[in-house]
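The chain contents come next:
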Amino acid sequence: MKFKLLVTSVFLLLLSCGKKNKNPEPEPVAAFDKQAMLTNMADNIILPNYNAFKISLDSLISAYNVFQSSNAITDFQRVKQQFQTAYLHYQKIDLFEFGPAETVIVRMNFNVFPTDSAQIKTNIASNSYDLEAALNLDAKGFPALEYLFFGNNRTENSVVAGFNSSPNQKAYVSAVLNNMFTKINVIINSWNSSYRTAFINSLGTDVGSSIGFLINQMNYELDYLKNAKIGTPLGKKTLGIAIPDKCEAYYSGQSIEYALQTLTLIQQTYSGGNGVGFDDYLDHLKADYNGVPLTTQINNQFNAARNKLTAITGPLSTAVVTNASQVDAAYLEIVKLLVLLKTDVPSRLGVIITYQDGDGD
Amino acid sequence: MAIKSLHTYLRQPVNIAPLVIFRIAFGALMFLSISRFILKGWVYNMYILPKMFFPYYGFEWVKPFGGVGMYIVFALLLIASIGIILGSFYRISAILFFVLFTYVELIDKTNYLNHYYFVSIISFILIYLPANTNFSIDNKLLKNTEVTLVPRLFIFVLQLQMFIVYFFAGVAKLNYDWLFEAQPLKIWLPAFSHLPVIGGLMEKEWLAFLFCWIGCIYDLLIGFFLFNKRTVNIAYFFVVIFHLATSLFFNIGMFPYIMITITIIFFREDFHIKILNILKRLCKHSRIENKSTTLFNCGKPVIIACVIFFAIQFLLPFRYLLYPGKLFWTEQGYRFSWRVMLMEKAGTAFFFVKDKTSEREIEIDNKHYLTYMQEKMMATQPDMMIDYAKFLKKEYEHKGFTDPIVRAQSYVTINGSGSRQFIDDTVDLSKQSNSIFKSKTWVKSY
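Treat the numbers as computed from the prediction; the structure is a model and nothing was measured.

The rules we used
Residues numbered from 1 in each chain as written. Chains lettered and ligands numbered in written order. Predicted model: local features only at pLDDT ≥ 70, side-chain atom pairs only at ≥ 80, totals over all residues. Heavy atoms only, no water. Helix = DSSP H or I, 4+ residues; strand = E, 2+ residues; numbered from the N terminus. Buried < 20%, exposed > 50% of the residue type's maximum accessible area, 1.4 Å probe, protein only. Contact = heavy atoms within 4.5 Å. Areas by Shrake-Rupley, 256 points an atom, 1.4 Å probe, with all protein chains shown as cover. pLDDT = per-residue confidence, 0-100. Domains from an automatic or database assignment. Buried area = accessible area lost by both parts, 1.4 Å probe. Salt bridge = Lys/Arg side-chain N within 4 Å of Asp/Glu carboxyl O. Polar contact = N/O pair within 3.5 Å; in protein donor to acceptor, adjacent residues only side chain to side chain. Nonpolar A, V, L, I, M, F, W, Y, C, P; charged D, E, K, R; others polar. 1 Å grid on protein atoms, 1.4 Å probe; cavity = no way out; pocket = protein on both sides within 12 Å on 5 of 7 lines; lining within 4 Å. Points joined across faces, edges and corners; volume = space filled by probe spheres on them. Axes fitted to C-alpha atoms, helices over the stretch in contact; angles between N-to-C directions. Parallel < 35°, antiparallel > 145°, perpendicular 65-115°, else oblique. Left-handed = near helix turned anticlockwise from the far one by under 90°. Pairing = 2+ DSSP bridges.

Trainee: Sorry, what's going on with the overall build of chain A here?
Mentor: Across its full length, chain A holds 15 helices and two strands. When each of the 361 residues of chain A is scored for burial, the buried share is 53%. Within chain A, residue pairs in contact and separated by at least 24 positions form 77% of the contacts whose partners lie at least 6 positions apart. Accessible surface, chain A as shown: approximately 14400 Å² in total, 55% of it carbon and sulfur.

Trainee: Honestly, the confidence of the model for chain A in this entry has me stumped. Any pointers?
Mentor: Reading predicted coordinates in detail is not appropriate for stretches of low pLDDT. Residues and elements named next belong to chain A. For chain A, the mean per-residue pLDDT works out to 91, and 89% of the residues sit at or above 70. The model gives residues 1-7 a pLDDT under 50, and that stretch makes nine contacts with residues more than four places away or in other chains. This model gives residues 9-27 a pLDDT under 50, and the stretch forms 18 contacts once residues within four places in sequence are excluded.

Trainee: What is the right way to look at the domain arrangement of chain B in this model?
Mentor: The parts lose accessible area when they come together, and the size of an interface is often stated as this lost area. All names here are of chain B. Each assigned domain of chain B is listed here: domain 1 (2-320) and domain 2 (344-431). In this structure, domain 1 and domain 2 have C-alpha centres spaced 36 Å apart. Taken together, both faces of the contact between domain 1 and domain 2 bury some 1300 Å²; the carbon and sulfur share is 64%. Together, M52, F54 and T110 form the three largest contributors to the area buried by domain 1 at its contact with domain 2, with a combined 41%. A salt bridge links K109 to D383; the nearest nitrogen and oxygen atoms lie 3.7 Å apart. In this assembly, domain 1 and domain 2 are joined by seven residue pairs in polar contact (both at pLDDT 80 or more). A class-by-class count of the residues in the side of domain 1 that touches domain 2 yields nine nonpolar, three polar and four charged.

Trainee: Quick question: what am I supposed to make of the layout of surface pockets here?
Mentor: Taking a probe equal in size to a water molecule and rolling it over the atoms shows the remaining empty space. Residues and elements named next belong to chain B. The space that makes up the second largest pocket amounts to roughly 1000 Å³. What lines the second largest pocket is a set of 37 residues, among which Y56, F59, L316, R319 and F336 lie closest to the centre. The set of elements that each furnish at least two residues to the lining of the second largest pocket consists of α5 (90-107), α6 (114-128), α15 (300-315) and α19 (382-398). Counting residues per element, the lining of the second largest pocket draws most heavily on α6, at five residues. Residue classes in the lining of the second largest pocket are distributed as 20 nonpolar, nine polar and eight charged. A domain split of the lining of the second largest pocket shows at least three residues from each of domain 1 (2-320) and domain 2 (344-431).

Trainee: Looking at this structure, I do not really get the packing of helix α13 (residues 294-310) of chain A against helix α15 (residues 324-349) of chain A. What am I missing?
Mentor: Helix packing geometry: the angle between the two helix axes and the distance between the axes. Residues and elements named next belong to chain A. Two elements in contact, α13 and α15, have axes separated by 8 Å at closest approach and are oriented at 155°. Our classification of the angle between α13 and α15 gives roughly antiparallel. As for how α13 packs across α15, the hand of that crossing is left-handed. The residues of α15 that touch α13, namely those facing L294, Q297, I298, Q301, F302, A304, A305, K308 and L309, are Q326, A329, A330, E333, I334, K336, L337, L340, L341, D344 and V345.

Trainee: Is there a simple way to explain the sheet that holds strand β6 (residues 360-363) of chain B in this structure?
Mentor: As a general point, the strands of a sheet are linked pairwise by backbone hydrogen bonds and lie either parallel or antiparallel. Residue and element names in this part refer to chain B. The antiparallel open sheet is built from four strands, whose spatial order is β6-β5-β7-β8. The sheet terminates laterally at β6 and β8 (420-421), the two strands that pair on one side only. Set on the sheet, α19 makes contact with β5 (345-355), β6 and β7 (405-414); between it and β5 the angle comes to about 25°.

Structure (structure tokens):
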């Protein structure tokens, strides 16, 4: 590799010298600083999001511990509040499934919905379970907690009474919380100890590079928003017959808020927040979309998707049945956004959209 | 007259050494490539994991064996490569290699690569060449004779095959986008702006143009310079530089190394004789007394077979002219033409299946049926969309849909253009023909 690099460098330098003498460049524009983009991504988006999530999870755990000893309904209300905050913050880390998060498999461990309520009941009744078992992937994480906290059309009083009368259930919630706590700490420690350095120094665009990860996961997340969060409940896979209980956060009715948060995170990852992001990279490359800058087209499409999502009335689980056309309108805008992010962006940046290495041509 | 003198030229006896070296080098490269393929887990990813495969037109009967079966195929390929290297059971090994390698390639056009096509062709040629009649297990054990001279034709076919690869790769670059837009290099090179020393140049437009033109001129001319005894050395130097540069920039696996190694077939015969003697000394190869210098038959039938074989290869790259539409867009007649790294094309396709009775439609999650590689390839290639649609039709018939209608919405970008609708999204793709004798009129015009 070193030798190859040397030979090629010499070759190119020779070429460039010959050319430059004849044809001096008017004003050299500096090459795009990919490291600055990745550093911004790590320091201003990924790590702060992980830390914010961890803080919200810690608060949820302490609120739950208070409730465990007090059994008071007001403390339970506080648990539910903290739960919703933590679940919302979770939406801000879901995208980063590479490096440490890929090892931990965050998506599969934190947010498989719909949850398997029968499995949860079995686990609680037996008081003997291995939360690391594949069988329990859909009996833990936020959806499992949501089911236990927000119940099946039960009053708050009866939910609290349920907790108070079942030490097993209390222990189960603690175990689920602890499972997430352990995993998120592993991820944050890994980012702080070594992964951040590796991340900001991986400057290629091939499979396994940081840019490759970000682009691929951005698309994975958008596809997940389109299919799992909106399309499936809307009935896109079931001949147009809505399945409301396949909504994310079905019991607490926060589906649209979380979907919006997911969209926000995708946009943040794309734009680098207030710092350098893919939009700057595309502008630097003068990426064009049939006459307008590609970034303008993408920003418009983010706005269109956001507007249509915001316009949906009421919890998504109701809307897919009574206001399907509103949901469908949002769905269509997300599809258009997906085409831009999945086709135009990687193609323009020379990023390979795949998780599989290949021989090329 | 010219034909007659060419025939005389091709019948001239020359030393067999280049052929022997070629046999050993090719066998060794194949052994490495196949091992690498297995170790990278690609046998599983490409031939065991997928739920469906994309066969070639006319070869729909080619199906993968199950899990163990595919590994046996690859193990046999390794054994066959060893057979080729050692020249033991050479002909059987060459046939086995050609048949199995081609079989594997025919299973799924997702994995089509020009260099796999090249390997198939070379191994096909090797079947007919007596590359095992010197410094081989076969000639030691079976006959204890050694052939030292062969007709020049036997070396020439390999050289001509290499020439074709280069020359048509050059012809393919004679298009507007490549020469006057510097595409796709204008997209690909800036991705390397982080490289040490040369990184700063990667975003320069003139560099993309320079690379495009050098690449084109190189491909068109290198074959001629390799054929010329006086320029072969300097030409080879450029071959090495060129392939190392491509391997640095592009994810093209073994191909550059294969080309660098076997291009030595153009070297003068004393080079090969020297190498062969060194190898013989290293292997303590005892001298064989029974030297045979008998020429192999190189009569009219052989020449005619060669002419047909190469004529096909000269014509295939131009078959695209028989189809309407822009080649890069429709890809009708794109494969088997040495179009290497010629465009940046990407797409996204959404498939829908409609139940005729209820008039209701579902959207397909492609990930459920296709690997990432298959989905990516399918999204830009119309013939693969038909295969997929036909698969979905069957799949949903089993699930109880009556007369399923399969349509797709697909958006494709080519060489940095904004993505646009690729095919007519009202057409029932499962009813379209994949015949190469029909053009795919439902692909939107570019």
